[in-house]
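# Structure at a glance
These are the residues of each chain, in order.
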Amino acid sequence: DTGVSQDPRHKITKRGQNVTFRCDPISEHNRLYWYRQTLGQGPEFLTYFQNEAQLEKSRLLSNRFSAERPKGSFSTLEIQRTEQGDSAMYLCASSRANKGTRETQYFGPGTRLLVL
Amino acid sequence: QKEVEQDPGPLSVPEGAIVSLNCTYSNSAFQYFMWYRQYSRKGPELLMYTYSSGNKEDGRFTAQVDKSSKYISLFIRDSQPSDSATYLCAMSAFQYGQNFVFGPGTRLSVLP
């Protein structure tokens, strides 16, 4: 069990550019979450996948954001036409959710995005 | 009013002190309560998980939930410098993660 990994760990980009982040969950975890965390705030839910299906998206997720989990394993989060307000830590978490049992999310180290 | 409130700190205590961290919330439907620890530039890690009201103890950590007051606490006994981190509470009405609501976190420094 190698834990949740995210790549890159840091990204600096210019306003208007597109960026893509990758998350590799713990193997055999069927759920994968994306969160955004800004300085001094807790993580805010963006979207989640159960296997390859994207089941819910937050209102925070504007149409410039898209996430995929094509084979139910790793996931990507793309932000198009980045804005300065997109600067934040993007966290990925995974879990094995079974009906009737408690769900424990394991977080990755995050990708810190700075939009200039 | 935010759904989950937490004093942001920073809270500084001497090594060995008992630390009390608290969250208040407004949604009476919350029944799953969690505490996460987040070191600087790392993702949160789950410390404690409590369902409904009551106390739960795990080593030096005790979690308390008072649903009647909409108030949860995390106590750390014999605090160590390695406990210096941001502590986030999270809660949910449902068992599943897409419903978790996080507090803003309290920054704790334990001074040697």
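Below you will find a few notes about this structure.

Criteria and thresholds
- Residues numbered from 1 in each chain as written.
- Chains lettered and ligands numbered in written order.
- Predicted model: local features only at pLDDT ≥ 70, side-chain atom pairs only at ≥ 80, totals over all residues.
- Heavy atoms only, no water.
- Core = buried A, V, L, I, M, F, W, Y, C linked by side-chain atoms within 4.5 Å.
- Buried < 20%, exposed > 50% of the residue type's maximum accessible area, 1.4 Å probe, protein only.
- Phe/Tyr/Trp six-rings, centres within 6.5 Å; stacked < 30°, edge-to-face > 60°.
- Helix = DSSP H or I, 4+ residues; strand = E, 2+ residues; numbered from the N terminus.
- Polar contact = N/O pair within 3.5 Å; in protein donor to acceptor, adjacent residues only side chain to side chain.
- Contact = heavy atoms within 4.5 Å.
- 1 Å grid on protein atoms, 1.4 Å probe; cavity = no way out; pocket = protein on both sides within 12 Å on 5 of 7 lines; lining within 4 Å.
- Points joined across faces, edges and corners; volume = space filled by probe spheres on them.
- Nonpolar A, V, L, I, M, F, W, Y, C, P; charged D, E, K, R; others polar.

Turning to the nonpolar core, a few remarks are in order. General note: in soluble globular proteins, nonpolar side chains tend to be found buried as a group. By size, the foremost hydrophobic cluster in this structure holds 25 residues, and its most contacted members are B:W35, B:I72, B:L74, B:Y87 and B:M91. In this structure, A:I26, A:L77, A:A88 and A:L113 belong to the second largest nonpolar core, which totals 19 residues.

This model, assessed by the stated rule, comprises 15 aromatic pairs over all chains. Taken together, a centroid distance of 5.5 Å and an interplanar angle of 40 degrees make the contact between A:F21 and A:Y90 tilted. Taken together, the positions of A:F21 in strand β3 (residues 19–24) and A:Y90 in strand β9 (residues 88–95) put the pair 69 residues apart, joining distant regions of the chain. Overall, the relative accessible area of 1% leaves A:F21 in the buried class. For the ring pair B:Y36 and B:F102, a centre distance of 5.4 Å and an interplane angle of 50 degrees mean the geometry is tilted. One end of the pair, B:Y36, is in strand β4 (residues 32–38); the other, B:F102, is in strand β10 (residues 101–102), with 66 residues separating them in the sequence. Note on B:Y36: relative accessible area 1%, which makes it buried. By relative accessible area, B:F102 is classed as buried at 9%.

All names here are of chain B. Position of R37 relative to the elements: it lies in strand β4. Within the local environment of R37, its side chain forms a polar contact with the side chain of Y39, the two groups lying 3.4 Å apart. Excluding its chain neighbours within four sequence positions, the residues that come into contact with R37 are G43, P44, E45, L47, F61, D83, A85, T86 and Y87.

Using the criterion set out here, one finds 1 cavity of 30 Å³ or more in the structure. Forming the walls of the largest cavity are A:R9, A:H10, A:M89, A:P109, A:G110, A:R112 and B:R41. By residue class, the composition of the lining of the largest cavity is 2 nonpolar, 2 polar and 3 charged.

Remember that the coordinates give geometry; whether it matters functionally is a separate question.
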